[in-house]
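Chains, contacts and geometry: an overview
Here is what each chain is made of, one letter per residue.
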Amino acid sequence: MKFIIVVGLFLTLISFQNCAQVGLENNVSNVEPLYASGKVQLCLPENYTLENIIVKNLNLVQSKNDLQPDSDIDGISDPEEIALGLNPLDRSSYGNIMDRVCLFLSPDGNCQTQSTQNCSQSRNPFGLTNCDLDPLSLDTTQYYSTAGIDTDNDGISDLLEILSDTQSNVADASEDSDRDLITNLEEIRRGSHPFKSDKEFNATIFNNISSQQISNQNHLYLDSGCEQELWNVDIKSIPFAQNLKAFIDSDESANQDPHILSFTRAEKTNIVLVTLKISSKIGQNLPSQFYFKSVLVNRNQTSLDLNMSQFILAGKGKP
Ligand SMILES: [Ca+2]
Ligand SMILES: [Ca+2]
Ligand SMILES: [Ca+2]
Ligand SMILES: [Ca+2]
């Protein structure tokens, strides 16, 4: 009898521990948030200036006043996918289209048409395919020679716009869609949601970044050996989640070609994406350039230290 009671107590303890773990996995900000940080030093090509830098943990999305994990980086958090009957480890549960794009086109998931079934699945540098770009009218090369880089040329990549619910083909970076007095661009920079007012949001889990142009009066400038425009970006804190399951990107080209963003990562590891837009100095009439770099972060690797030579050119604009 005594043995049964002890075993029963033991099993209860085990199940309690499991419940606690499941709770932690599903709710990022209930655990103490973990942060990555680093210094980005950018010595720009001749006659260019920095227009925009955005740092984003692709595996976290804002939901009400919380951050939630998005294991497959399709713009829908794991708990929301489970609630909708989708697969949190499949970026295109409905077929060829990314889950966020499908639900945008049709909230009941009936987004399949003739054109979305026969579309090309080859990826652009940000992992978007024609199946995602065509139905959103992002398949143009008006500003960039590659489609789906930054269709509206507002400095926010199409991928980040899709993940943030902003309009990828209307330059709405300076709008304030949720009227909380913070522009859409600033919301995306901070990691808050452009369509959900931040009044209830826990400010300690925002991204904290500052950037500064180093002038040629400054000794840092002389030390760097940079003969062009030099920028220092101080990434003070980017939150990341610890309890994420591993994700294997089904696209082989993305896993092998460094010029295409891969969504593959080990468990407990997050993907932080840094995008840069540089543009011509006044009077030079040079094409804009859009760059990216993805960094894997986890408890043992929290450094976001980068320099210009590590960034990958995603697309060149038209002069
Ligand atoms: Ca997801
Ligand atoms: Ca999914
Ligand atoms: Ca854009
Ligand atoms: Ca706003």
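Attention in this report is confined to the structure presented alongside it.

Conventions adopted
The residue numbers shown here count from 1 along each chain, following its written sequence. In the order they appear in the text, chains get letters beginning with A and ligands get numbers beginning with 1. pLDDT decides what is reported in this predicted model: residues at 70 or higher carry local features, side-chain atom pairs at 80 or more are listed and counted, and totals for whole chains, interfaces and linings draw on all residues regardless. Each side-chain value is derived from all of the structure's non-hydrogen atoms; neither hydrogens nor water enter the calculation. Comment: elements are numbered from the N terminus, with helices defined as DSSP H or I runs of at least four residues and strands as E runs of at least two. We call two residues in contact when some of their heavy atoms are within 4.5 Å. The donor definition counts N, O and S atoms within 2.8 Å of each metal and applies 3.2 Å to Na, K and Ca; water is not among these atoms, so some sites may look incomplete. Each residue's exposure class comes from its accessible area (1.4 Å probe, protein chains only) as a fraction of the maximum for that residue type: buried when under 20%, exposed when over 50%, partly exposed otherwise. Here, nonpolar core refers to any group of buried Ala, Val, Leu, Ile, Met, Phe, Trp, Tyr and Cys residues whose side-chain atoms link them within 4.5 Å.

1. So, the environment of Pro 194
The topology assignment puts Pro 194 in the loop between α7 (184-190) and β5 (208-214). Sequence separation of Pro 194 and Glu 175 is 19 residues, and the distance between their C-alpha atoms is 9.2 Å. Those residues within four positions of Pro 194 in sequence are excluded, and the remaining contacts are Ser 164, Thr 166, Ser 177, Asp 178, Asn 184, Glu 187 and Ile 188.

2. Structural notes on the coordination of the calcium ion (ligand 3)
Within the protein, the calcium ion (ligand 3) binds to Asp 150 (OD), Asp 152 (OD), Asp 154 (OD), Ile 156 (O) and Glu 161 (OE); these donor distances fall in the range 2.1 to 2.3 Å. Between the donor residues of the calcium ion (ligand 3), the gaps in sequence give the motif D-x1-D-x1-D-x1-I-x4-E.

3. With respect to the coordination of the calcium ion (ligand 1)
Within the first shell, the calcium ion (ligand 1) binds the protein through Asp 70 (OD), Asp 72 (OD), Asp 74 (OD), Ile 76 (O) and Glu 81 (OE), at distances of 2.1 to 2.3 Å. The calcium ion (ligand 2) is placed at 4.1 Å from the calcium ion (ligand 1), the two being bridged by Asp 72. Judged by relative accessible area, Asp 72 falls into the buried class, the value being 0%.

4. Some points on the nonpolar core
Core analysis: the largest hydrophobic core is formed by 35 residues, its most contacted members being Leu 58, Leu 159 and Leu 160. Only α3 (99-105), α5 (130-133), α6 (158-164), α7, β7 (270-280), β8 (289-297) and β10 (312-316) provide two or more residues apiece to this core. Counting 25 residues, the second-largest nonpolar core is a separate cluster that includes Leu 42, Ile 53, Phe 240 and Val 272.

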